Amino acid sequence: PISAAESSAHRRQLRFMDETGHAERHRVRMRPKKQIVDASIAAAQSDRGVPLVHTGEGKSSAALGMVGRAFGHGMHAAVVRFIKGSRRAGEAAFFRRFPEVSGHVMGEGFTWETQDRERIVWAVGAACAQARSLLADPRFELVLPGELRIALEYGYVSFGEALGFLRSGPRSQHGVVTGRGAPAALIELADTVSDMRDIRHAFRPGVRAQKGIEL
């Protein structure tokens, strides 16, 4: 009969063999994947600014995360808010601490709150001028014209004018346009387009906007 010690040693040996086999099978699976990824990285030789569109839900938070990423690399970034007014936002308060980030709140507030088209059009015009200036400034390596898509939808700015200044930046500059339901002209302009889907939101069952989450 096999002793308890021998049985325990046998189980340990089987477990070791199973773990070793699992590790080897993992290496076999990952080896061709690494070759594919390495080849894709080697083939990507272009080095230039990238126009991006973030549409859907959570698009502004994702775009502002890119501003933080750029800031972490010592880059200079600029943010222009076309629609939303001076409601306190945590990211705006945070970025104000750093001279590397130039923030411009140009909007008059949510369109359903202001209900004054003339004022909104004037504010959007000022935001366009500000965005055009920032996009033409090579010091800024990343520019975020936030909520520009909303201004386009309501006709506060023409597609021709918006596309004109979006295309005017230095070749090395990155630009991120945000807003729900990005039109085909913006999608065509961009190299990278992200559409973020809202599956569930706390606001619907009555949870107010929370600091650090929506504010």
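Since the model is a prediction, treat every value here as computed from it, not as a measurement.

Definitions and cut-offs
Residues numbered from 1 in each chain as written. Predicted model: local features only at pLDDT ≥ 70, side-chain atom pairs only at ≥ 80, totals over all residues. Heavy atoms only, no water. Helix = DSSP H or I, 4+ residues; strand = E, 2+ residues; numbered from the N terminus. Buried < 20%, exposed > 50% of the residue type's maximum accessible area, 1.4 Å probe, protein only. Contact = heavy atoms within 4.5 Å. Areas by Shrake-Rupley, 256 points an atom, 1.4 Å probe, with all protein chains shown as cover. Salt bridge = Lys/Arg side-chain N within 4 Å of Asp/Glu carboxyl O. pLDDT = per-residue confidence, 0-100. Core = buried A, V, L, I, M, F, W, Y, C linked by side-chain atoms within 4.5 Å. Pairing = 2+ DSSP bridges. Axes fitted to C-alpha atoms, helices over the stretch in contact; angles between N-to-C directions. Expected span 1.5 Å × (residues − 1). Arc of directions from axis to C-beta.

## Looking at the overall build of the protein
In step 1: When helices and strands are counted, the protein shows eight helices and six strands.
In step 2: Secondary structure elements in the protein, listed N-terminal to C-terminal, are α-β-α-β-α-β-α-α-β-α-α-β-α-β.
In step 3: With 215 residues in all, the protein has 31% of them scored as buried.
In step 4: Across the protein, contacts joining residues at least 24 apart in sequence account for 78% of those joining residues at least 6 apart.
In step 5: Carbon and sulfur atoms make up 55% of the accessible area of the protein, which amounts to about 14,000 Å² in all.

## Considerations on the pattern of salt bridges
In step 1: Considering all chains together, one arrives at five salt bridges under this definition.
In step 2: For K34, the salt bridge goes to D38, with nearest N and O atoms at 3.0 Å. With K34 and D38 both in helix α1 (residues 4-43) and four residues apart, the pair spans about one turn of that helix.
In step 3: Residue class for K34 comes out exposed when judged on its relative accessible area of 51%.
In step 4: The shortest N-O distance in the salt bridge between D191 and R48 comes to 2.6 Å. Of this pair, D191 sits in the loop between α8 (184-189) and β6 (192-196) while R48 sits in the loop between α1 and β1 (51-56), placing them 143 residues apart in sequence.
In step 5: Overall, D191 belongs to the partly exposed group, its relative accessible area being 43%.

## Concerning the confidence of the model for the protein
If pLDDT is low for a region, its predicted coordinates should not be looked at in detail.
In step 1: Mean pLDDT over the protein stands at 81; residues scoring 70 or higher make up 87%.
In step 2: Considering each helix and strand of the protein separately, the mean pLDDT is smallest for helix α4 (residues 111-114), with a value of 58, and largest for β6, with 90.

## Notes on the nonpolar core
In step 1: Counting residues in each nonpolar core, the largest one holds 27 residues, and the members touching the most others are F82, V124, L148 and F165.
In step 2: Contributions of two or more residues to this core are made by β2 (77-81), α5 (117-135), α6 (148-153) and α7 (159-166).
In step 3: Among the elements that make up this core, the one with the highest residue count is α5 (seven residues).
In step 4: Non-local contacts of F165, meaning those with residues more than four positions away in its chain, are made with F82, C128, A131, R132, L135 and L148.
In step 5: Among the nonpolar cores identified, the runner-up in size contains 14 residues, and L64, V67, M75 and L142 belong to it.

## Things to note about the sheet that holds strand β3 (residues 101-105)
In step 1: Taken together, six strands build an open sheet; the order of strands is β3-β2-β4-β5-β1-β6 and the sheet is parallel. Only two strands of the sheet have a single partner each, and these edge strands are β3 and β6. Across this sheet, the average inter-strand angle for adjacent strands is 10 degrees, counted without regard to direction.
In step 2: Both β1 and β6 contribute to a ladder of five bridges, which runs parallel. Looking at the pairing, H54 lines up with S194 of β6.

## Digging into α7
In step 1: Looking at α7, one finds that the buried residues are A162, L163, F165 and L166.
In step 2: Along its buried surface, α7 packs onto α5, β4 (142-146), α6, β5 (174-178) and α8.

## Here's the deal with the environment of V177
In step 1: Locating V177 in the fold gives a position in strand β5.
In step 2: Separated by 13 residues in the primary sequence, V177 and A190 place their C-alpha atoms 9.1 Å from one another.
In step 3: Leaving out residues up to four positions away in the same chain, V177 has contacts with L52, V53, H54, P145, L148, L166 and L186.

## Considerations on α5
In step 1: Over its 19 residues, α5 extends 26 Å from the first C-alpha to the last, a length consistent with the 27 Å expected when each residue adds 1.5 Å.
In step 2: Among the residues making up α5, those that are buried are I120, A123, V124, A127, C128, A131, L134 and L135. The buried residues of α5 all sit within an arc of 150 degrees when viewed along its axis, so they share a single face. Pointing more than 90 degrees away from the buried face of α5 are the exposed residues E118 and W122.

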